[in-house]
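Structural overview for review
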Amino acid sequence: MSTHDHRAAESAPRSWPMSRGNAVLVAVCAAGALFCFVIGETIPAVALLIGAIGAGLGAVFARRGSSGDLERVNALEYADERDRTAGTKGLAAVGVIALVLSAVQLVVHAIADTDPLSRWMSIALYFALVIGWFAANWYFVRRG
């Protein structure tokens with residue numbers, strides 16, 4: 001953790017206790033949890049609820065003046081360009097892991113002969129990740 005002074009970045013007025021991206025993440029997880037509870041799927045509901053609470057608390061605490069680099073980067077609450085660069089590299093690594101695990105998941109579906117819905121969801125996820133990767137690379141290479 002750095003002792004870099006982030007007071008200037010933190011002095012900007014903030015109407016939300018977290019970034020818009022985190023607000024969307026928390027809202028999607030909370031809505032998903034509520035839906036899963038309503039349909040009687042307790043395990044995914046609890047997992048999503050834990051995700052919503054964890055993301056929300058992490059984001060709010062990361063905006064404190066005493067938060068360190070790692071807290072801010074993990075919570076996607078960047079205070080400066082150095083935080084943003086570290087976050088970008090971390091998310092890029094997560095993207096590679098997601099692509100690899102998605103490909104492994106497809107192989108497991110082929111071996112286990114799972115139900116068609118799960119198989120098609122895995123195929124859709126795999127192609128969404130690949131297309132997202134290509135689109136992001138195209139965008140950032142052109143942007144410079």
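Structural data are supplied above this passage.
Definitions and cut-offs
Residues numbered from 1 in each chain as written. Predicted model: local features only at pLDDT ≥ 70, side-chain atom pairs only at ≥ 80, totals over all residues. Heavy atoms only, no water. Helix = DSSP H or I, 4+ residues; strand = E, 2+ residues; numbered from the N terminus. Contact = heavy atoms within 4.5 Å. Axes fitted to C-alpha atoms, helices over the stretch in contact; angles between N-to-C directions. Parallel < 35°, antiparallel > 145°, perpendicular 65-115°, else oblique. Left-handed = near helix turned anticlockwise from the far one by under 90°. Nonpolar A, V, L, I, M, F, W, Y, C, P; charged D, E, K, R; others polar. Core = buried A, V, L, I, M, F, W, Y, C linked by side-chain atoms within 4.5 Å. Buried < 20%, exposed > 50% of the residue type's maximum accessible area, 1.4 Å probe, protein only.

**Points about the environment of Ala 52**
Locating Ala 52 in the fold gives a position in helix α3 (residues 42-62). The spatial distance from the C-alpha of Ala 52 to the C-alpha of Ala 30 is 5.6 Å, given a sequence separation of 22 residues. In contact with Ala 52, other than residues within four places in its own chain, are Val 26, Cys 29 and Ala 30.

**Side note on the packing of helix α2 (residues 20-38) against α3**
Contact geometry of α2 with α3 gives a least axis separation of 8 Å together with a crossing angle of 160°. In this view, α2 runs roughly antiparallel relative to α3, as classed from their interaxial angle. In terms of crossing hand, the pair formed by α2 and α3 is left-handed. Packed against α2, whose contacting residues are Asn 22, Leu 25, Val 26, Cys 29, Ala 30, Gly 32, Ala 33, Cys 36 and Phe 37, the element α3 presents Thr 42, Pro 44, Ala 45, Val 46, Leu 48, Leu 49, Ala 52, Ala 55, Gly 56 and Ala 59 at the interface. Here the contact of α2 with α3 is built from residues that sort into 15 nonpolar, 4 polar and no charged.

**Quick look at the side chain of Ser 19**
Considering the arrangement of structural elements, one finds Ser 19 in the loop between α1 (7-10) and α2. In this view, Ser 19 contacts Arg 63, Leu 76 and Glu 77; residues no more than four positions away in its chain are not counted.

**Examining the nonpolar core**
Among the nonpolar cores identified, the biggest contains 6 residues, and these are Met 18, Val 26, Cys 29, Ala 52, Ala 55 and Ala 59. Contributing elements (two or more residues each) for this core: α2 and α3. Of the residues forming this core, the biggest block, 3 residues, is contributed by α3. With near-sequence residues (within four places) excluded, Ala 59 lies in contact with Pro 17, Met 18, Asn 22, Ala 75 and Glu 77.

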